[in-house]
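Coordinate analysis (summary)
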Amino acid sequence: MAKKPATAKTAAPKTAAAKSATLGSAAAPRIDIGISDKDRAAIARGLSALLADTYTLYLTTHNFHWNVTGPMFNTLHTMFMEQYTELWNAVDPIAERIRALGHFAPGSYAAFGKLASLPDAPETPPAALEMVRILVEGHEAVARTARALFPAADKASDEPTADLLTQRLTVHEQTAWMLRSLLE
């Protein structure tokens, strides 16, 4: 007796894409790390704002690195490079913490524009000391964003987020102080 051909209902997926689509259609596993869904969502929202602020400050600092001029060129060019490199290295741990909490990290200019508390870099590069002043304000703004998230992380006993926030606060407060010193 001839074997009946498999129907669409009973046929197993044959391609990798079809297998992936079948596997991807299952519900995501529940996250049970000792932090409620509501608290994880609140912390992820705060971290998303921190990510947006950090990325915006990174772009501004990198812009200033490229465009600084004047008698302090070498000093500021080098300082800005150190600062934008540190900021670039900070965005990944923030985004990965959001993912560990079970949420998607924002990653578009549009999303960052909606979430960030600090303005974009000026279209026309300002004078060197104005760049420094803008960066002081940027680091202070990011510190405020990080600090505002502490109560949610503390309430949820989210030590990894609290540790991340402490690290970011240390960097932003110290950088703001060093930049302010150039303005005296």
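Refer to the preceding data block for the structure.
As a starting point, this report considers the structure included with it. In this text, all values refer to a predicted model and were calculated from it rather than measured experimentally.

Its 28 residues give helix H3 (residues 73–100) an end-to-end C-alpha distance of 41 Å, which sits within 8% of 40 Å, the value for a rise of 1.5 Å per residue. Taken residue by residue, H3 has Leu76, Met79, Phe80, Gln83, Tyr84, Leu87, Ala90, Val91, Ile94, Ala95, Arg97 and Ile98 as its buried positions. On its buried side, H3 packs onto helix H2 (37–67), helix H5 (128–155) and helix H6 (159–182). The first or second residue beyond H3 is glycine 102, which carries a positive phi of 90°.

With 31 residues, H2 extends 45 Å between its outermost C-alpha atoms, agreeing within 8% with the 45 Å of an ideal straight helix rising 1.5 Å per residue. Burial analysis of H2 places 24 of its 31 residues in the buried class, which makes it a mostly covered element.

Quick look at the pattern of salt bridges now. Considering all chains together, one arrives at 8 salt bridges under this definition. The partner of arginine 180 in a salt bridge is glutamate 140, with the nearest N and O atoms 2.6 Å apart. Taken together, the residues span a long stretch of sequence, with arginine 180 in helix H6 and glutamate 140 in helix H5 at a distance of 40 residues. The exposure class of arginine 180 is partly exposed, given its relative accessible area of 35%. For glutamate 173, the salt bridge is made with arginine 147, and the minimal N-O distance between the two is 2.7 Å. One end of the pair, glutamate 173, is in helix H6; the other, arginine 147, is in helix H5, with 26 residues separating them in the sequence.

Among the nonpolar cores identified, the biggest contains 41 residues, and Leu47, Leu50, Leu51, Leu76, Phe80, Ile94 and Leu179 are the most heavily contacted of them. Of all the secondary structure elements, the ones that give two or more residues to this core are H2, H3, H5 and H6. Sorting elements by how many residues they give to this core places H5 first, with 11 residues. Not counting residues within four places of it along the chain, the set of residues in contact with leucine 76 comprises Val68, Ala128, Val132 and Leu182.

Under the defined criterion, the tally for this structure stands at 6 aromatic pairs. Ring centres 5.6 Å apart and planes at 55° place the aromatic pair tyrosine 55 and tyrosine 58 in the tilted group. Of the two residues, tyrosine 55 and tyrosine 58 both sit in helix H2, 3 residues apart, roughly one turn of that helix. Tyrosine 58 shares its class with tyrosine 55; the two are buried. Ring centres of phenylalanine 64 and phenylalanine 80 lie 6.4 Å apart, and the angle between their planes is 50°; this geometry places the pair in the tilted category. Remark: phenylalanine 80 occurs in helix H3 and phenylalanine 64 occurs in helix H2; sequence separation between them is 16 residues. Judged by its relative accessible area of 0%, phenylalanine 64 falls in the buried class.

Rules of the game
Residues numbered from 1 in each chain as written. Predicted model: local features only at pLDDT ≥ 70, side-chain atom pairs only at ≥ 80, totals over all residues. Heavy atoms only, no water. Helix = DSSP H or I, 4+ residues; strand = E, 2+ residues; numbered from the N terminus. Expected span 1.5 Å × (residues − 1). Buried < 20%, exposed > 50% of the residue type's maximum accessible area, 1.4 Å probe, protein only. Contact = heavy atoms within 4.5 Å. Salt bridge = Lys/Arg side-chain N within 4 Å of Asp/Glu carboxyl O. Core = buried A, V, L, I, M, F, W, Y, C linked by side-chain atoms within 4.5 Å. Phe/Tyr/Trp six-rings, centres within 6.5 Å; stacked < 30°, edge-to-face > 60°.

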